[in-house]
Amino acid sequence: MAKGEGDDHHRGPRGEPVFLLPPLVTVLVGAMIVLVVLRSFLSPAADQDFVYAFGFVPDRYAAGGGWIDYPGGGGALAWTFLTYAFLHEGWAHLLINAAMLAALARPVLERTGSARFLAFFVAVTVGGALGHLAVAWGSEAPMIGASGAVSGLLGALLRFVFRPGWLPAGGVVESLKEPRVRGVIAALVVMNVALVVFGTGLVGGVGGSVAWGAHLGGFLVGFLGFSWFEAPRPRW
C-alpha cells in the first residue's frame, strides 16, 4: 500500500511474502489466542472473575470506591485500559479481530517501525477504552476485544493509503478532502449504527451489544494522532 507501481519492496521488509505476519503482530495475535485457550480451562466462576479483572468495566470509575468490589482491585483501574483488548468472547470474536488486525497492522508497521507501532497500539487501545468510558459511564458489563485497536489502525491507514508513493501521512484536513477517505468513514458510521441496532449477529456473533464508543475512540486516536508515531522514513 501507498507505494509506486515500480517499487521493488512490494514483498515487504527483507523481502518476505506479504502473507507472513511481522513478528510483533504475531506476538500480539498469539497472546490473544493463548488467552482464549487459557480461559477454556477455567470454571465459569473463575472465568467471570478473570474477565472482570482484565476487561474494561466503566463502573469501576463511576462507583467511586466501589472499584474495590471488582476482581483486580486498584490495579485494574490502570491495566484494564490495555488488557481488555487481548480478551475475546470465543473463537469467532477472536478470529474476526485477529484477521482485521493482521490485515491492517502491516502497512502501519512499515510506516512506524516496531517501537513506534507498539506505542501506537497502546495509544489506540487506551483511546478505545476512553471512548467506551465516555458513552457507557456506569456500565457494569466488562468490555473485551481488540476492535478499538483495529479501528485505530484503520484510522491511521486512511492518513496515507490513498497518497501516491511513499509520501508522509497527509494532514487531518487534507485527508478529509479525499473522497475515498470520507467514503470509508461514512461506511464505518453505517456499519456501527447497524451493529448497535441489530447486535453482533450481523458478523457471526450471538447478537450481543457492540462497544461502539471503543470503535470511535480508537479510530479518532489513530486518525488524528498517526503523525506523532510515523517514522521520518520507511523502515525496511
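Relevant structure appears above.
Cut-offs and rules
- Residues numbered from 1 in each chain as written.
- Predicted model: local features only at pLDDT ≥ 70, side-chain atom pairs only at ≥ 80, totals over all residues.
- Heavy atoms only, no water.
- Helix = DSSP H or I, 4+ residues; strand = E, 2+ residues; numbered from the N terminus.
- Buried < 20%, exposed > 50% of the residue type's maximum accessible area, 1.4 Å probe, protein only.
- Contact = heavy atoms within 4.5 Å.
- Salt bridge = Lys/Arg side-chain N within 4 Å of Asp/Glu carboxyl O.
- Patch = residues over 30% accessible without salt bridge, like charges linked within 9 Å, V, L, I, M, F, W, Y side chains within 5 Å.
- Areas by Shrake-Rupley, 256 points an atom, 1.4 Å probe, with all protein chains shown as cover.
- Arc of directions from axis to C-beta.
- Phe/Tyr/Trp six-rings, centres within 6.5 Å; stacked < 30°, edge-to-face > 60°.
- Lys NZ or Arg CZ within 6 Å of the ring centre and 35° of its normal.
- Core = buried A, V, L, I, M, F, W, Y, C linked by side-chain atoms within 4.5 Å.

Asker: I'd love a proper account of the overall build of the protein, names of residues and values included.
Answerer: Scanning the protein from terminus to terminus reveals 10 helices and 0 strands. Ordered by position from the N terminus, the helices and strands of the protein form the series α-α-α-α-α-α-α-α-α-α. Within the span of the protein, comprising 236 residues, buried residues form 43% of the whole. Long-range pairs, those at least 24 residues apart, make up 77% of the contacts in the protein with a sequence separation of at least 6.

Asker: Explain the pattern of salt bridges to me, using residue names and the numbers behind them.
Answerer: Any two side chains of opposite charge can pair if their charged atoms end up close together. If you walk through the whole model with that rule in mind, you get 6 salt bridges. Here D47 ties to R39 by a salt bridge, and the two come within 2.6 Å at their closest N and O atoms. By relative accessible area, R39 is classed as buried at 10%. Here R163 makes a salt bridge to E174, at a shortest N to O gap of 2.7 Å. Of this pair, R163 sits in the loop between α7 (147-157) and α8 (172-176) while E174 is found in helix α8, placing the two residues 11 residues apart along the sequence. Look at the salt bridges and you will find they share partners, linking R39, D47 and E89 into a network.

Asker: Please set out α7 residue by residue, giving values where relevant.
Answerer: It helps to recall that an α-helix has 3.6 residues per turn; residues three or four apart then point in one direction. Buried residues dominate α7, accounting for 11 of its 11 residues. Regarding α7, the residues found buried are S147, G148, A149, V150, S151, G152, L153, L154, G155, A156 and L157. Where α7 is buried, its residues contact α5 (91-112), α6 (114-135), α9 (179-198) and α10 (212-225).

Asker: Can you lay out a nonpolar patch on the surface for me, pointing to particular residues and giving the numbers?
Answerer: Among the surface-exposed residues, V135, V189, V193, V196, V197, F198, W212, L216, L220 and L224 lie close enough to one another that they form a single nonpolar patch of about 920 Å² accessible area. At the level of elements, α9 and α10 are the ones that each hand at least two residues to the nonpolar patch. In terms of residue count, the dominant contributor to the nonpolar patch is α9 (5 residues). Mapped onto the secondary structure, L216 falls in helix α10.

Asker: Any details on helix α2 (residues 44-54)? Residues and values, ideally.
Answerer: Those residues of α2 lying buried are D47, F50, V51 and A53. In a view along the axis of α2, the buried residues occupy a sector of 165°, so they form one face of it. In α2, the exposed positions angled more than 90 degrees off the buried face are occupied by P44 and A45. In this structure, the buried side of α2 is in contact with α1 (23-40), α3 (59-62) and α4 (76-83).

Asker: An account of the packing of aromatic side chains is requested, with residue identities and associated values reported.
Answerer: Overall, the coordinates contain 12 aromatic pairs when judged by the stated rule. Relative to F54, the ring of F50 has its centre 5.0 Å away and its plane inclined at 45°; by these criteria the two rings are tilted. In this pair, F50 and F54 both sit in helix α2, 4 residues apart, roughly one turn of the helix. What makes F54 partly exposed here is its relative accessible area of 28%. Through pairs of rings, three or more aromatic residues link up here, namely F56, Y61, F81 and Y84. In this structure, R111 packs its charged tip against the face of W166, placed 4.6 Å from the ring centre.

Asker: I'd like to hear about the environment of L176, residue by residue, with values.
Answerer: With respect to the element layout, L176 can be found in helix α8. Counting along the chain gives 17 residues from L176 to R159, while the straight-line C-alpha distance between them is 8.8 Å. Those residues in contact with L176, other than ones at most four positions away along the chain, are R182, I185 and F223.

Asker: Which residues make up the side chain of S147, and what values do they have?
Answerer: Within the secondary structure layout, S147 lies in helix α7. Excluding anything up to four places from it in sequence, S147 contacts N97 and H215.

Asker: Break down the side chain of S151 for me, citing the residues and quoting the values.
Answerer: By the secondary structure assignment, S151 is in helix α7. S151 gets classed as buried once you look at its relative accessible area, which sits at 15%.

Asker: Describe the nonpolar core, with residues and values.
Answerer: Ranked by size, the top nonpolar core spans 44 residues in total, and within it L101, V108, F117, F120, F121 and L153 carry the most contacts. Broken down by secondary-structure element, the contributors of at least two residues to this core are α1, α2, α5, α6 and α7. Dropping the residues within four chain positions of it, F117 is found in contact with L24, L28, A105, V108, L109, T112 and L153.

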